[in-house]
Amino acid sequence: MFQFLACSFALSLVLLLGAAELERRAIVARRMGPNGRAMLAALAISALASLVVIVVAAYSAGWIYLLHLLGATIVYHGVMGVFLVHGLQEVSARANAESGPLRS
């Protein structure tokens, strides 16, 4: 069970960090299209996939895992969302500062 949970955690981490890198590159390149859609989609996909993982783990290892894993996934996705979005805001602020003041 631990290997299954570790693999699903690693896939979620790769998905979220990949989306953050896509957003970072879009910010640095000053593209206006993405606007956080990749990060939002990655968080939603990861959260929905983790619900499937929770049900599979609860079915195979016991239903008490449902509560533990549900709490852990809520905390994990909340923390990752806050940290990744905060990091992207810092990248955006740096990119804005490097471009200089806006001209009318």
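Each residue is numbered by its place in its chain's sequence as written, counting from 1. A pLDDT threshold of at least 70 governs which residues receive local features in this predicted model, and a stricter bar of 80 or more applies before side-chain atom pairs are shown or counted, although totals over entire chains, interfaces and linings include all residues. Side-chain measures here rest on the full set of heavy atoms in the structure, leaving out hydrogens and waters.

## Let's talk about the overall build of the protein chain
Per the secondary structure count, the protein chain includes three helices and zero strands. Strands are runs of DSSP state E lasting at least 2 residues, helices are runs of H or I lasting at least 4, and numbering of each runs from the N terminus. Along its sequence from the N terminus, the protein chain presents helices and strands in the succession α-α-α. Throughout, radius of gyration means the C-alpha value; the globule benchmark is 2.2 Å times the number of residues raised to the power 0.38. For a compact globule of 104 residues, the expected C-alpha radius of gyration is about 13 Å, and the protein chain comes in at 17 Å, more than 25% above that figure. Across its three principal directions, the C-alpha atoms of the protein chain cover 65 × 20 × 15 Å. Exposed residues in this analysis have more than 50% of their type's maximum accessible area, buried residues have under 20%, and partly exposed residues fall in between, with area computed by a 1.4 Å probe over protein chains only. Of all 104 residues assigned to the protein chain, the portion counted as buried reaches 24%. Only heavy atoms matter for contacts: two residues are in contact if any of them lie within 4.5 Å across the pair. Within the protein chain, residue pairs in contact and separated by at least 24 positions form 69% of the contacts whose partners lie at least 6 positions apart. Carbon and sulfur atoms make up 72% of the accessible area of the protein chain, which totals about 7300 Å². When charges are tallied, Lys and Arg are placed among the positive residues and Asp and Glu among the negative ones, while His and the ends of the chain are skipped. Charge placement uses NZ in Lys and CZ in Arg. For Asp and Glu, CG and CD serve respectively. Distance between charge centroids for the protein chain: 7 Å, based on 7 positive and 4 negative side chains. Computed with the Shrake-Rupley method and a 1.4 Å probe, the accessible areas treat only the protein chains shown as cover for residues.

## Focus on the nonpolar core
In this structure, Leu-16, Ala-19, Ala-20, Met-39, Ala-42, Leu-43, Tyr-76, Met-80, Leu-84 and Leu-88 together form the largest nonpolar core, which totals 10 residues. Elements represented by at least two residues in this core include exactly helix 1 (2-28), helix 2 (37-61) and helix 3 (64-99). The element contributing the most residues to this core is helix 3, with four residues. Excluding residues within four positions of it along the chain, Leu-88 makes contact with Ala-20, Glu-23, Arg-24, Ile-27 and Met-39. The definition of a nonpolar core used throughout is a set of buried Ala, Val, Leu, Ile, Met, Phe, Trp, Tyr and Cys residues joined through side-chain atoms within 4.5 Å.

## Here we look at the pattern of salt bridges
Only one rule defines a salt bridge in this text: a Lys or Arg side-chain nitrogen within 4 Å of an Asp or Glu carboxyl oxygen. The full count for this structure, using the stated rule, is two salt bridges. The partner of Glu-21 in a salt bridge is Arg-24, and the shortest N-O contact between them spans 2.7 Å. Note that Glu-21 and Arg-24 are positioned in helix 1 at a spacing of three residues, about one turn of the helix. For Glu-21, a relative accessible area of 28% corresponds to the partly exposed category.

## Regarding the side chain of Ser-50
On the secondary structure map, Ser-50 appears in helix 2. For Ser-50, the contacting residues outside a window of four places in its chain are Thr-73 and His-77.

## Quick look at the packing of helix 2 against helix 3
Only the stretch in contact is used when fitting a helix axis, every axis being a line fitted to C-alpha atoms; angles between N-to-C directions are given from 0 to 180 degrees. At a closest axis distance of 9 Å, the pairing of helix 2 and helix 3 adopts a crossing angle of 165°. In terms of orientation, helix 2 and helix 3 fall into the roughly antiparallel class. The handedness of the crossing between helix 2 and helix 3 is right-handed. Across from Met-39, Leu-43, Ser-46, Ala-47, Ser-50, Leu-51, Ile-54, Ala-57, Ala-58 and Ala-61 in helix 2, the residues of helix 3 making contact are Tyr-65, Leu-66, Leu-69, Leu-70, Thr-73, His-77, Gly-81, Leu-84, Val-85 and Leu-88. The scheme is simple: roughly parallel for angles under 35 degrees, roughly antiparallel for over 145, roughly perpendicular for 65 to 115, oblique for anything else. In this scheme the handedness of a crossing depends on how the near helix is turned from the far one: anticlockwise by less than a right angle means left-handed, clockwise means right-handed.

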